[in-house]
Number of protein chains: 2
Amino acid sequence: MHTLRLELGERSYAIHSGAGLLQDAEFLRQQIREKRLFLVSDENVARHHLAPVEAALRKSLVGRLILPPGEQEKNLDNLKQIFDALAACGIGRDGALLALGGGVVGDITGFAAASWQRGIRFYQLPTTLLAQVDASVGGKTAVNHPAGKNLIGAFHQPACVIADTDALATLPDREFRAGLAEVIKHALVADREFLTWLERRAQALKQRDPETVAECVIRCCQIKAAVVAADERELGQRAILNFGHTFGHVIEGAGGYGEWLHGEAVAAGMALALELSRQLGNIEVAERDRCLSLMMALALPVLAPDFPKSTWLEWMARDKKSTSEGLRFVVLAEIGRAVLRDDISEQQLRDTLNWRPMDCQ
Amino acid sequence: MHTLRLELGERSYAIHSGAGLLQDAEFLRQQIREKRLFLVSDENVARHHLAPVEAALRKSLVGRLILPPGEQEKNLDNLKQIFDALAACGIGRDGALLALGGGVVGDITGFAAASWQRGIRFYQLPTTLLAQVDASVGGKTAVNHPAGKNLIGAFHQPACVIADTDALATLPDREFRAGLAEVIKHALVADREFLTWLERRAQALKQRDPETVAECVIRCCQIKAAVVAADERELGQRAILNFGHTFGHVIEGAGGYGEWLHGEAVAAGMALALELSRQLGNIEVAERDRCLSLMMALALPVLAPDFPKSTWLEWMARDKKSTSEGLRFVVLAEIGRAVLRDDISEQQLRDTLNWRPMDCQ
């Protein structure tokens, strides 16, 4: 097991990752000591992973809510369902929530914990690659609004993160691949050397070689923890982790939540963000195509849907990252280093949206 | 105009109080500079105070929501309405919300601001005595859940507080009186000398003498600001401001939100908390009755409803201040100084609930 500490003063916490953690009842009981616990999961995850967690914590687990799977479940109605259940189970200020699942479960459970009684503790037990390398670390919690993704939420750090890499073995292929998009993102925005590491291990990753996957999770958590520790509430540099997300959120939202997996939308969004970086003269065509090749090698989509330009522009204007001054984009200054740009013109955006990856033309 | 600063590091803000502030367009424009503003108010308040605020800020005010009046409106459905309106008006991260009204409007608007895009700025423009002396200062925001008051919320400090004491002239008598309960609370928990001041000015207060009321508002804000600055997130001592509220929340909730005004319920709750303090041997009968006399002089209720004991105990157990270990009560250690007690037995509670104020026996 690897343990990493995210240093945030009194909100610091540990990120544990390793094989078999969800099966280790003693470890779970050591980490999760509250006397009243409420668990949230989804149907797919519960089928594989609920039993050992419930068995380990049965003395303190007073209730659970199992949601249907999918991004469209991350909404205010289900949030209200969680609140109703917390009230019914008598979860007080010294109770805690457990989020057993992927990014959807982690985000909605985290926001419920942030708001219940103005904030109680919660534990992230991420079971998807996306959640293990990204969503469960850093304290961003939210639900979606019909007008946009994650429009309603809070910064609320978990009490700890327990990432069992064995859980990744039960993931559907499509979901595992989608998680690799966020893995690549970490490399592109902050760690050029990690990109080379990924290129060398593309086949091993695709085949989910356990050791490769475990090391990959740890490296992503290290990158993310360093970025978050420097800028917890995303007042500045943390926003580089949104690379590909401004485009990606449009793909998810305008495509109808649930059609594209978040990671898939981020992959196609990163392709556009790479092209924008190239148009700005920050990276070469060959560098852009090198990154696209890695995504394609991992079977990630690099071609965004052909929405009308007006759809793109309207959805982007509604995105949280927009200000009344205009849109903010994350672009690469070079491979392995991202920067924020507030000065992208509508024409530059249109040029970017007109572009098609070579293999897809 | 008096200006007080609440010192909370990067979340510090000013509390302005004085006569005519809502009519002072230039002052409002100086304080509220965001380019996209959304206003929330209620029908009663809007009738009296919306026009000058809208006129002053018309260039930046892009939308508004006017709720029906009353505590029962502080719910998740109306919160969702606010989110829908914010999305429709395109309020982004650099927009801001205005809460023009009493505690209900301030609490729900503050929570909307805390959650929208994970937190945007908001302004408290309190128009009731309760909101000016208590609810608008300190960053507690929330909505109610059928299971209890303020169960869903956040700590989110306003960008500033603008308390126009002229607004108090338009308050219905009952609401003004209810606000005096929180005024008395400030004296009881933190300022013995202020209690004497209130006793001497009971008639002037009841008749809403403008200078007396204005001084009263400032003194309460000073007390509250000092308590909040020392313990923003209520990890400890700030909880003394909940004096009377554990009982009071039962009266509001079990009585059906809207039947009792919050301040009325707090007054009857403080009567019980005073009796509990006496039973613990902390204050004398004469001291308890001195406080009851002041409340009665200000026409505040001191007799709680005669709910079955089981109703009291169930509602208290669900209150946010409860833990799985038991209930936490705020009691007076002496007049002008409150302390927290975790060790009140069920028998002590029953004895307290059996007590009736002398004049009501």
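Reading guide: rules and limits
Residues numbered from 1 in each chain as written. Chains lettered and ligands numbered in written order. Predicted model: local features only at pLDDT ≥ 70, side-chain atom pairs only at ≥ 80, totals over all residues. Helix = DSSP H or I, 4+ residues; strand = E, 2+ residues; numbered from the N terminus. Buried ≥ 20, exposed ≤ 12 C-beta atoms within 10 Å, placed from the backbone. Contact = placed C-beta atoms within 7 Å. Pairing = 2+ DSSP bridges. Axes fitted to C-alpha atoms, helices over the stretch in contact; angles between N-to-C directions. Nonpolar A, V, L, I, M, F, W, Y, C, P; charged D, E, K, R; others polar. Domains from an automatic or database assignment. Least-squares fit on C-alpha atoms with pLDDT ≥ 70 in both. Arc of directions from axis to C-beta. Core = buried A, V, L, I, M, F, W, Y, C linked by C-beta atoms within 7 Å.

### Some thoughts on the overall build of chain A
Part 1: Within chain A, the secondary structure is distributed over 14 helices and eleven strands.
Part 2: Along the three orthogonal principal directions, the C-alpha set of chain A runs to about 60 × 40 × 35 Å.
Part 3: Across the 361 residues that make up chain A, the buried fraction comes to 54%.
Part 4: Residue pairs at least 24 apart in sequence account for 76% of intrachain contacts in chain A once pairs closer than 6 positions are excluded.

### Observations regarding the sheet that holds strand β2 (residues 13–18) of chain B
Hydrogen bonds between backbone atoms are what pair the strands of a sheet, whose relative direction is either parallel or antiparallel.
Residues and elements named next belong to chain B.
Part 1: Strand order in the open sheet formed by seven strands is β1-β2-β9-β6-β5-β3-β4, with mixed pairing between adjacent strands. The two strands at the open ends of the sheet, each matched to only one other strand, are β1 (2–6) and β4 (61–67). The average angle at which neighbouring strand axes cross in this sheet is 15°, direction not considered.
Part 2: Judged from the six bridges that link them, strand β5 (residues 96–101) and strand β6 (residues 121–126) form a sheet pairing that is parallel. Note that in β6 the partner of Gly101 across the bridge is Pro126.
Part 3: Against the sheet, helix α3 (residues 76–89) contacts β3 (37–42) and β4, and its axis sits at roughly 165° relative to β4.

### With respect to the interface of chain B and chain A
Part 1: Between chain B and chain A, the residue contacts involve 29 residues of the former and 29 residues of the latter.
Part 2: At the level of elements, α3, α4 (103–115), β7 (140–145), β8 (148–155) and α13 (309–318) of chain B are the ones that each hand at least two residues to the side of chain B that touches chain A.
Part 3: Per element, the largest residue contribution to the side of chain B that touches chain A is five residues, and it comes from β8 of chain B.
Part 4: A class-by-class count of the residues in the side of chain B that touches chain A yields twelve nonpolar, nine polar and eight charged.

### Focus on the domain arrangement of chain A
Residue and element names in this part refer to chain A.
Part 1: Each domain of chain A was delimited in the assignment, giving domain 1 (2–170) and domain 2 (173–360).
Part 2: Taking only C-alpha atoms, the centre of domain 1 and the centre of domain 2 are 25 Å apart.
Part 3: Of the residues belonging to the side of domain 1 that touches domain 2, the class tally is 15 nonpolar, 14 polar and four charged.

### Considerations on the relation of the copies chain B and chain A
Part 1: The two copies are related by a screw motion: chain B maps onto chain A through a turn of 180° and a shift of 0.0 Å along the axis, at an RMSD of 0.0 Å. Considering both components of the superposition, the chain copies are consistent with a two-fold axis.
Part 2: The overlap is high: 97% of the interface residues of chain B also sit at the interface in chain A, so the same surface is used on both sides.

### Description of helix α14 (residues 346–354) of chain A
Residues and elements named next belong to chain A.
Part 1: Turning to α14, its buried residues number three or more, namely Leu349, Thr352 and Leu353. Projected onto a plane normal to the axis of α14, the buried residues spread over an arc of 95° and lie on a single side. Exposed residues pointing more than 90 degrees away from the buried face of α14 are listed as Gln347, Arg350 and Asn354.
Part 2: As for α14, its buried residues are in contact with α11 (262–279) and α13 (309–318).

### As for the sheet that holds strand β4 (residues 61–67) of chain A
Residues and elements named next belong to chain A.
Part 1: Taken in spatial order, the seven strands make up an open sheet running β1-β2-β9-β6-β5-β3-β4, and their pairing is mixed. Looking at the sheet topology across the chains shown, the edges are occupied by β1 (2–6) and β4. Each strand of the sheet is rotated relative to its neighbour by a mean of 15°, with strand direction disregarded.
Part 2: In the packing of helix α2 (residues 43–56) onto the sheet, contacts are made with β3 (37–42), β4, β5 (96–101) and β6 (121–126), and the angle to β3 comes to roughly 150°.

### Some details on the nonpolar core
Part 1: Formed by 238 residues in total, the largest nonpolar core has its most connected members in Leu97, Tyr123 and Ala271 of chain A together with Leu97, Tyr123 and Ala271 of chain B.
Part 2: Residues contacting Tyr123 of chain A, with those up to four places away along its chain left out, are Ile32, Ala96, Leu98, Ala99, Pro158, Ala159, Cys160 and Ile162 of chain A.

### Section: the environment of Arg341 of chain A
Residues and elements named next belong to chain A.
Part 1: Of note, Arg341 is situated in strand β11 (residues 337–341).
Part 2: With 17 C-beta atoms packed within 10 Å, Arg341 lands in the partly exposed category.
Part 3: It is 5.6 Å that separates the C-alpha atoms of Arg341 and Arg328, two residues lying 13 residues apart in sequence.
Part 4: Not counting residues up to four positions away in its chain, the partners in contact with Arg341 are Phe329 and Val331.

### Some words on unusual backbone geometry
Among all residues save glycine, negative phi is the norm, and among peptide bonds the norm is trans.
Part 1: A positive phi is found at Asn150 of chain A, a non-glycine position, where the angle reads about 55°.
Part 2: Relative to the helices and strands, Asn150 of chain A resides in strand β8 (residues 148–155).
Part 3: In this model, Gln117 of chain B sits at a positive phi of 55°, which is unusual for a non-glycine residue.
Part 4: Note on Gln117 of chain B: 23 C-beta atoms within 10 Å, which makes it buried.

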